[in-house]
Amino acid sequence: MREAANLISLSGARPPTFDQAQNRRQKARAAGMNPDYWYAVEWEKNVKPGQTVEVVFWKQSIALFRGQDGRLAAIENRCAHRQLKLTGGQVNGCNLTCPYHGWQYDATGRCVHIPHELFGNKFPEFKLRDYPVKTKYGLVWIFPGDPELAEERKIPEIPELEGADPWGLIPIDATWKCHHSMILDNVSDFTHAYLHRRSKPFHDAKLTRLEVKGDTVEVDYNTVVGGGRISGLFVDRKNTNTDHIELAYEYPYQRSNTDSRIKHWCFVLPIDEQTSRAIFLFYFSKDMLKIPGLPFKVPMSFARKVVFPIAKKVLVAPLIGEDKLAVEAEQEGYNRHFEKPIAELNPAVHEFQQLTIRKWEEHLAKQART
Ligand code: FES
Ligand SMILES: [Fe+2]
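Residues numbered from 1 in each chain as written. Chains lettered and ligands numbered in written order. Predicted model: local features only at pLDDT ≥ 70, side-chain atom pairs only at ≥ 80, totals over all residues. Heavy atoms only, no water.

### Some details on the coordination of the iron ion (ligand 2)
Applicable threshold: Distances decide who is a donor: an N, O or S atom must be within 2.8 Å of the metal, or within 3.2 Å for Na, K and Ca. Water is not included, so sites may look incomplete. Irregular is the default label, applied whenever a site is not tetrahedral (four donors, all angles between 85 and 135 degrees) and neither square planar nor octahedral (four or six donors, opposite donors over 155 degrees apart, all other angles between 65 and 115). For helices the rule is a DSSP run of H or I covering at least 4 residues; for strands it is a run of E covering at least 2, with both sets numbered from the N terminus onward. Throughout, exposure labels follow a simple rule: accessible area from a 1.4 Å probe, protein chains only, divided by the maximum for the residue type, with under 20% read as buried, over 50% as exposed, and the rest as partly exposed.
Protein coordination of the iron ion (ligand 2) is provided by H192 (NE2), H196 (NE2), D323 (OD) and D323 (OD), with donor distances spanning 2.1 to 2.5 Å. Bound by 4 donor atoms, the iron ion (ligand 2) shows angles of 56 to 148° at the metal and therefore irregular coordination geometry. Counting along the primary sequence, the residues that act as donors to the iron ion (ligand 2) give the motif H-x3-H-x126-D. Of this pair, H196 sits in the loop between α3 (180–188) and β12 (202–213) while D323 sits in helix α5 (residues 300–337), and the two are 127 residues apart along the sequence. There is no split in this pair, since H196 and D323 are both buried.

Set out below in structure tokens:
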């Protein structure tokens, strides 16, 4: 009952669709994400040989599975026969088998086996859509758009996480009950220090630069990064300038950089108008680390085993949890009051929303042409 009430306004109306939207905010809150990009959809370790995982990209259900040979595949999540979800089935060898009549699909979505006599071995060609898949940084990436563009589009380069001596990594993700544009607004808008007033990951932010370059919005703030009681313990301020942060919405991804020592990427997977998965990679140069109370440098091996797991638990997860609660409450507020006037003071938020809208319109225009 509560759920249903939160989906509609006091007058009983539902938030407008993209076509019905009357203003920039309504458009941003209804837009999908342009599918002609690589989207992080799952952690690689969560799809072991023989396992299937359902992935949803903007209402399209995709069956991600790993064959016994270790290769990943992603195909439409519906059996060509009676449209059951194939993720309800199982992997046999390198094929995915529907749970009902046992039709089998290979990694390209072709139906390759029907285990009854009606057709003998000569059944008509049933082919499901397949999606390009890649792995990088411990994540599985799917290209839900035009497959011809998959090779030219690049997954973000993160050299710090590659090579013999990668930076320390804190990976974290959560599914948020909100539109993806609200996550983008949240992670690059540093005016919400009040929400994090206990842990103070940043405070006293002043916007010093806002620039739109093609499909990227760059934003700089002067602020105190990691100045909280606990976070301050781990950051070596002698080596790291924590008075400034650069952020960017580099469509469709978001990233930050503090003095080339502390960085993050946020990869958002849009599931539907009110559900999104946010996958974060926070990564840290060894130069910025210190152990509370000790004068010497932290060896990265020790940081990986001890410092990062603790930091994830006591700092990062609670922080993301605060953002999640706030943004989910924002979604509920929007559902009830979507027609209220826009009261937005940070000019960066306007630009994030414009970019989201423009890229969705590009996709709609392309769809209309084909
Ligand atoms: S519904 Fe899938 S095999 Fe019949
Ligand atoms: Fe936040």
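### Considering a nonpolar patch on the surface
For clarity, the threshold we go by: To count toward a patch, a residue needs a relative accessible area above 30% and no salt bridge. Like charges then connect within 9 Å, nonpolar side chains (Val, Leu, Ile, Met, Phe, Trp, Tyr) within 5 Å. For accessible areas, the Shrake-Rupley method is used with a probe of radius 1.4 Å. Any residue's cover is judged against the shown protein chains and nothing else. Salt-bridge detection follows one rule: a side-chain nitrogen of Lys or Arg within 4 Å of a carboxyl oxygen of Asp or Glu.
On the surface, a nonpolar cluster with roughly 290 Å² of combined accessible area is contributed by F302, V306, I310 and V314. Within the fold, I310 resides in helix α5.

### Some thoughts on the sheet that holds strand β10 (residues 139–142)
Here is the rule we go by: At least two DSSP bridges between two strands are needed for those strands to be called paired. Comment: axis = line fitted to C-alpha atoms, over the contacting stretch for helices; angle = value between 0 and 180 degrees taken between N-to-C directions.
The 3 strands are arranged β1-β10-β9 in an open sheet whose pairing can be described as antiparallel. Of all the strands in the sheet, the pair left with one neighbour each is β1 (39–43) and β9 (133–136). The sheet shows a mean angle of 35° between the axes of neighbouring strands, direction not considered. Bridge analysis of β1 against β10 gives 4 bridges, and the strand direction is antiparallel. Considered in β10, the bridge of W43 is made with L139.

### Description of the sheet that holds strand β2 (residues 52–57)
Reading across the sheet, the 3 strands line up as β2-β3-β4 and stay open at both edges, with antiparallel pairing between neighbours. Strands with a single pairing partner mark the edges of an open sheet, and in this sheet they are β2 and β4 (72–76). Averaged over neighbouring strand pairs, the angle between their axes works out to 30° when direction is ignored. Bridge analysis of β2 against strand β3 (residues 60–66) gives 6 bridges, and the strand direction is antiparallel. What sits directly across from V53, in β3, is L64.

### Section: the packing of α3 against helix α6 (residues 347–369)
Our working definition: Two helices that cross are described as forming a left-handed crossing if the nearer one is turned anticlockwise from the farther one by less than a right angle, and a right-handed crossing if clockwise. Note on contacts: a residue pair qualifies if any of its non-hydrogen atoms lie within 4.5 Å across the two residues. Nonpolar residues are Ala, Val, Leu, Ile, Met, Phe, Trp, Tyr, Cys and Pro. Charged residues are Asp, Glu, Lys and Arg, and all others, Gly as well, are polar.
For the pair α3 and α6, interaxial distance at closest approach is 10 Å and the crossing angle is 145°. Remark: the crossing between α3 and α6 carries right-handed chirality. Contacts between α3 and α6 pair H180, L184, D185 and S188 from the former with V349, F352, Q353 and T356 from the latter. A per-class count over the contact of α3 with α6 returns 3 nonpolar, 4 polar and 1 charged.

### Thoughts on empty space enclosed by the protein
Our working rule: Definitions used for this entry: grid spacing 1 Å over protein atoms alone; cavity, a set of points where a 1.4 Å probe fits but cannot get out; pocket, an open set with protein on both sides within 12 Å along at least 5 of 7 lines; lining residue, one with an atom within 4 Å of a point. Grid points are joined across faces, edges and corners, and a volume is the space filled by probe spheres set on the points.
Using the criterion set out here, one finds 1 cavity of 30 Å³ or more in the structure. Reported here for the largest cavity is a volume of approximately 650 Å³. Contributing to the lining of the largest cavity are 33 residues, with P201, V225, I262, F282 and L319 lying nearest its centre. Elements supplying a minimum of two residues to the lining of the largest cavity: α3, α4 (231–234), β15 (253–258), β16 (262–272), β17 (275–284) and α5. When residues of the lining of the largest cavity are assigned to their parent elements, the largest contribution, 8 residues, is made by α5. Here the lining of the largest cavity is composed, by residue class, of 22 nonpolar, 9 polar and 2 charged.

### Some points on the packing of aromatic side chains
What counts, and what does not: Whether two aromatic rings pair depends on their centres lying within 6.5 Å, for rings of Phe, Tyr and Trp, where Trp uses its six-membered ring; planes under 30 degrees apart make the pair stacked, over 60 edge-to-face, and the rest tilted. Only Lys NZ and Arg CZ are tested; either one counts as a charge over a ring when it is within 6 Å of the ring centre and within 35 degrees of the ring normal.
Scanning all chains against the criterion turns up 18 aromatic pairs. Where Y39 meets F57, the ring centres are 4.7 Å apart and the plane angle is 55°; that geometry is what we call tilted. Placement of Y39 in strand β1 and of F57 in strand β2 is noted, with a sequence separation of 18 residues between them. An identical accessibility class is assigned to Y39 and F57; each is buried. Taken together, the ring pairs in this structure connect Y37, Y249, Y251 and F352 into an aromatic cluster. It is K27 that lies over the ring of F18; its NZ or CZ is 4.7 Å from the centre. The positively charged end of R197 is found above the aromatic ring belonging to Y194, 3.9 Å away from the centroid.

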